[in-house]
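Coordinate inspection notes
Each chain, written out:
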Amino acid sequence: MANNLYNILVPVDFTAKNKWAIAKAIELANNFHCNVHLVYVPNLLSRRYSNENLMKKLEQLRSFYKDQICGQGALETGYLSGSKQSELADYIKQHEMDLVVTGLSKFNLIQRIISSISISRLARKTNVPVLAVRSGGLVCHFKKIVLPVSGEIPIRQIRLAALLGRAFKSTVYFVSLRKQVGGNTHSILESALEMVQSISTIPVQCFLLEGQNLAKSTLEFSKKINADLIMVNPVKDFYLPGLWNRLTDKLLSYGTKIPVLTVMNKN
Amino acid sequence: MLTVVIPALNEENTIGQVVKYCFAEPLVSEVIVVDDKSEDNTVNIAREAGAKVIISASRGKGISMKEGIEASTNEIIVFLDADIDPYPEGAINKLAAPIVKDEADFVKGAFARNAGRVTELVAKPLLTIIFPGLAHFSQPLSGMIAGKKTFFNRIEFFNDYGVDIGILIDMYLMKARVQEVNIGYIENKSKPWQALGKMSGEVSRAIISKAQRYQSHELSQESVNSMEAIQREMNNVLRENLSSYQKMIVIDMDDTILINRFIDECAKEFGFKTKLDELRYSEKDPIILTKRVGLLLKNKTIDDLLHVISNMEMAENIKEVVSHFKAKGYLVGILSHSYSLITNYVKQQIGADFSVAHQLEFFDGKATGEVSLPSYFFGSPESICGHSFCKTNALQYLCEKYNVSLKNCIAVGDSKDDRCMITYAGKGVAFCTTDELLEKIADSSIKTRNFHPLLEFA
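Note that the coordinates shown come from a computational prediction; the quantities given were computed from them, not determined experimentally.

This part covers the overall build of chain B. Across its full length, chain B carries 19 helices and 14 strands. Within chain B, the fraction of its 458 residues that count as buried is 51%. Looking at chain B alone, contacts between residues at least 24 apart form 66% of all its contacts between residues at least 6 apart.

Okay, structure coming up:
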């Protein structure tokens, strides 16, 4: 994976949730001097626009946000039609996107279910990190990054955390469940710590959490320390407990206002 | 009546037609070919065509032009290039007409063609800043000109690519009436890129030296600053953009190019293995460890150390792989925490372009035990990893030095020391490593002592 961010994609559908995603993307772009691509991609529930209206709306969006880019990056706009997932995946591949930022609906339950499923799928399908932000999650910087560890060393998350950590002078909090320690997880936690130290000088703290479910415990921990970002891997360990959450593939992210970055661990 | 002067050098293919073209114009009473000591048949062909031929005393367009002016018997002189055939119909008449009608003292010929790179990138921007009155000329470097002999006689000619722009500036400064006329379409070959640098330099020098000579008091600080700013920004942009085309591969030396570690072989040879193991066990700070290991080599001669390295085995296909990468346009280098004496030896053996390592100090041919650590191994505010002492810092330095983007770098290593550089290089390759983390971090891992798999990244 890249050691810098060059292109950030924000899928837009001209709803309120886009605002939070674009603001976060622009904030990152100004830090990393990268480009932001605002791409209209309709989903099942979104309103349809004629081509002319679409172009007009995109132009409005562009003129509204272009002055907010103050680094060396640029603001691009575009639109896709057809299947959202595959069109987005093609766009990401074609334009070499390094990050996708998406806004989460605050109240619309169906939208949230669709979003949560599509984020994990997109992260899996494209191997590109997907950052989900909600309105309350508009913090200025990622000062406290929580990185739950389970099963294997989260190499890609660590590299991304090092990248963000350098830019925002963050502290990374590795968390793991106490009940899992003693076996493999302990050595994974140590290796993760060693890896961060090998590739950066950002401060790291390790915490063993009580509880049975890593997602739930991470969420509680993150709220307690006022974390600014949680990094997750779209695998079972990171699903919240309960039948409903399992049915809707609810990653730990969507129960919180804290921005969540979903990163596939395997290259 | 008018004289046509044609400076020529090895133009046997076109000179005959150019002279005939001149005589076809009723206004022309004299054609002078100033030959710059051509090695072909230019002189004879020009004479046969009816031109008066002067052999120039020394080479250079400026001198030839001056000699042509001195030999001319008419007040109006037209200069044409010898390598253009055909000229558009009536070109001489168009050039001379404003002078004949007494509407101008000097006429610059412009012709339809693709914009010249030096004209657009060098001459015009400089003229705009220094001589705004000449900024409207579409082809200030054109060599097809006409003028009055009395004006030409007052000019100091440059003897290089700056001659044509120099004449234009002099005419402008003498307050001669200057015009530009379009003489039609001319097939003009673009200069090879190698010549463009020289041409750019000579044109810039001509413009700036004229400005310094005639208007030093007017060459304001603002002009100087704007020229510097333009040049700096152009350099930065070029450097930034060209860096995406440059590629580099850096390879660790110990246990990678070499089958073993150099210091371990020294320990065996000079009997300090136990001390070395103790040091490695007790000293965790990499800087102090490097310094203390250096002390173990105190009083060893250069010959002793070269003897050790010359007996060490290298990966068998490394030379072949290095030459393959070089053929593909890669810069190939060694980046090691060993000593430059040794890395330079290995560099020579494998045909690499550079090597970067620490400096073991010698006095009277013997190692003093002191090790100088080059500053580029140390962290700076720009350091991407933030480590105070790391190969990644040296890799960043190399990227800066050779204008290569980090994305276009391949780093190959085997040990814990290489983890960081392998993470930040565009492509990180773990080579026969026993370090599990390194293997996980690397984009690719080579498990056998064979460099061939690296070629797939070339």
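This is not the end of the story, as more comes after the structure.
Helix and strand counts for chain A stand at 8 helices and 10 strands. A sequence separation of at least 24 residues applies to 80% of the contacts in chain A between residues at least 6 apart. Carbon and sulfur atoms provide 50% of the accessible area of chain A, an area that totals close to 11800 Å².

This part covers the packing of aromatic side chains. Residues and elements named next belong to chain A. For the coordinates displayed, the defined rule picks out 18 aromatic pairs over all chains. With a centroid separation of 5.5 Å and 90° between ring planes, the pair formed by F142 and F168 is classed as edge-to-face. Pair noted here: F142 is in the loop between β5 (130–133) and β6 (144–148) and F168 is in helix α5 (residues 155–168), with a separation of 26 residues, a long-range link. Assessed through its relative accessible area of 2%, F168 is described here as buried. Judged by centre distance (4.9 Å) and plane angle (50°), the ring pair of F207 and F221 falls under tilted. Of this pair, F207 sits in strand β8 (residues 204–209) while F221 sits in helix α7 (residues 214–224); the two residues are 14 residues apart in sequence, bridging distant segments of the chain. Of the residues examined, F207 reaches a relative accessible area of 29% and is grouped as partly exposed. Judged by relative accessible area, F221 falls into the buried class, the value being 8%.

All names here are of chain B. Per the counting criterion, the structure on display carries 24 salt bridges over all chains. One salt bridge in this structure joins K52 and E30, with 3.9 Å as the shortest N-O distance. Taken together, the residues K52 in strand β3 (residues 52–55) and E30 in strand β2 (residues 28–35) connect sequence positions 22 residues apart. Judged by relative accessible area, which is 39%, K52 ranks as partly exposed. A single salt-bridge network, built from bridges that share partners, covers D102, D105, K148 and R177.

Residue-level contacts link 16 residues of chain A with 15 residues of chain B. Taking both partners together, chain A and chain B bury about 1400 Å²; carbon and sulfur atoms supply 52% of that area. Our enumeration of links across chain A and chain B arrives at 1 salt bridge. Between R419 of chain B and E194 of chain A there is a salt bridge; the shortest N-O distance is 2.9 Å. At the surface where chain A touches chain B, the tally comes to 10 residue pairs in polar contact (both at pLDDT 80 or more). Breaking the side of chain A that touches chain B down by element, the ones donating at least two residues are α5 and α6 (184–199) of chain A. When residues in the side of chain A that touches chain B are grouped by element, the largest group, 6 residues, is from α6 of chain A.

What follows is about the sheet that holds strand β9 (residues 229–232) of chain A. Residues and elements named next belong to chain A. Read from one edge to the other, the open sheet built from 10 strands follows the order β3-β2-β1-β4-β5-β10-β9-β6-β7-β8, with strand pairing classed as mixed. The sheet is open, and its two edges are formed by β3 (75–79) and β8, each paired on a single side. Along the sheet, successive strands turn relative to each other by an average axial angle of 25°, direction set aside. Here 5 bridges tie β6 to strand β7 (residues 171–177), and the two strands are oriented parallel to one another. Each bridged residue has a counterpart across the sheet, and for V146 the counterpart in β7 is Y173.

Attention now moves to the environment of S323 of chain B. Here S323 of chain B shows up in helix α15 (residues 318–327). Remark: the alpha-carbon pair of S323 of chain B and A352 of chain B, spanning 29 residues in sequence, is separated by 8.1 Å.

Here we take up unusual backbone geometry. Residues and elements named next belong to chain B. With phi around 55°, D364 is a residue other than glycine that occupies positive phi space. One non-glycine residue, N403, adopts positive backbone phi at about 55°. Note that N403 resides in the loop between α17 (391–402) and β12 (409–413).

Residues and elements named next belong to chain B. At a closest axis distance of 10 Å, the pairing of helix α12 (residues 273–282) and helix α13 (residues 286–295) adopts a crossing angle of 170°. Compared by their axis directions, α12 and α13 come out roughly antiparallel. Here α12 contributes L276, L279 and R280 to the contact with α13, which in turn contributes L289, R292 and V293. Considered class by class, the residues forming the contact of α12 with α13 number 4 nonpolar, no polar and 2 charged.

Turning our eyes to something else, we now look at the environment of F142 of chain A. Take F142 of chain A: its relative accessible area is 1%, and that puts it in the buried class. Sequence separation of F142 of chain A and L229 of chain A is 87 residues, and the distance between their C-alpha atoms is 6.0 Å.

Turning our eyes to something else, we now look at the pairing of strand β2 (residues 35–40) of chain A. Residue and element names in this part refer to chain A. Counting buried residues along β2, 5 of its 6 residues qualify, which places the element largely inside the surrounding structure. Relative to β2, strand β1 (residues 7–12) is paired through 6 bridges, and the arrangement is parallel. Note on β2: the bridge partner recorded for L9 is H37. The parallel pair β1 and β2 is bridged by helix α1 (residues 16–32), and the resulting crossover is right-handed. Taken together, the 5 bridges between β2 and β3 define a ladder with parallel strand orientation. The residue of β3 that forms the bridge with V36 is L75.

Residues and elements named next belong to chain B. Strand order in the open sheet made by the 7 strands is β11-β10-β9-β8-β12-β13-β14, with mixed pairing throughout. Both outer strands of the open sheet, β11 (366–372) and β14 (444–446), are each paired with one neighbouring strand and no more. Strand-to-strand, the axes of this sheet are offset by a mean angle of 30°, without reference to chain direction. The pairing of strand β10 (residues 354–363) with β11 spans 4 bridges and is classified as antiparallel. Within β11, the residue paired with F363 across the bridge is K366.

What follows covers the packing of helix α14 (residues 302–310) of chain B against helix α16 (residues 340–350) of chain B. Residue and element names in this part refer to chain B. Closest axis-to-axis distance for the α14/α16 pair is 10 Å, and the angle between their directions is 45°. Between α14 and α16, the crossing angle belongs to the class labelled oblique. Viewed along their axes, α14 and α16 form a crossing whose handedness is right-handed. Packed against α14, whose contacting residues are I302, L305, L306, I309 and S310, the element α16 presents L341, I342, Y345 and V346 at the interface. A breakdown of the residues in the contact of α14 with α16 according to their chemical character gives 8 nonpolar, 1 polar and no charged.

What follows concerns the confidence of the model for chain B. For chain B, the mean per-residue pLDDT works out to 88, and 94% of the residues sit at or above 70. Scored as a whole, the predicted complex attains pTM 0.66, and scored at its interfaces, ipTM 0.79.

Take the nonpolar core next. Across soluble globular proteins, nonpolar side chains have a tendency to be buried as a group. Of all hydrophobic cores here, the largest spans 127 residues; its most connected members are L164 of chain A together with F262 and L454 of chain B. Lining this core are residues from two domains, each supplying at least three of them: domain 1 (7–103) and domain 2 (144–262) of chain A. L164 of chain A has contacts with L28, F32, F142, I145, K169, S170, L229, M231 and L261 of chain A, leaving out every residue within four places of it along the chain. Grouped together as the second largest cluster of nonpolar side chains are 39 residues, M65, I69, L134 and I169 of chain B included.

About the thresholds
Residues numbered from 1 in each chain as written. Chains lettered and ligands numbered in written order. Predicted model: local features only at pLDDT ≥ 70, side-chain atom pairs only at ≥ 80, totals over all residues. Heavy atoms only, no water. Helix = DSSP H or I, 4+ residues; strand = E, 2+ residues; numbered from the N terminus. Buried < 20%, exposed > 50% of the residue type's maximum accessible area, 1.4 Å probe, protein only. Contact = heavy atoms within 4.5 Å. Areas by Shrake-Rupley, 256 points an atom, 1.4 Å probe, with all protein chains shown as cover. Phe/Tyr/Trp six-rings, centres within 6.5 Å; stacked < 30°, edge-to-face > 60°. Salt bridge = Lys/Arg side-chain N within 4 Å of Asp/Glu carboxyl O. Buried area = accessible area lost by both parts, 1.4 Å probe. Polar contact = N/O pair within 3.5 Å; in protein donor to acceptor, adjacent residues only side chain to side chain. Pairing = 2+ DSSP bridges. Axes fitted to C-alpha atoms, helices over the stretch in contact; angles between N-to-C directions. Parallel < 35°, antiparallel > 145°, perpendicular 65-115°, else oblique. Nonpolar A, V, L, I, M, F, W, Y, C, P; charged D, E, K, R; others polar. Right-handed = clockwise from strand over helix to strand, strands pointing away. Left-handed = near helix turned anticlockwise from the far one by under 90°. pLDDT = per-residue confidence, 0-100. Core = buried A, V, L, I, M, F, W, Y, C linked by side-chain atoms within 4.5 Å. Domains from an automatic or database assignment.

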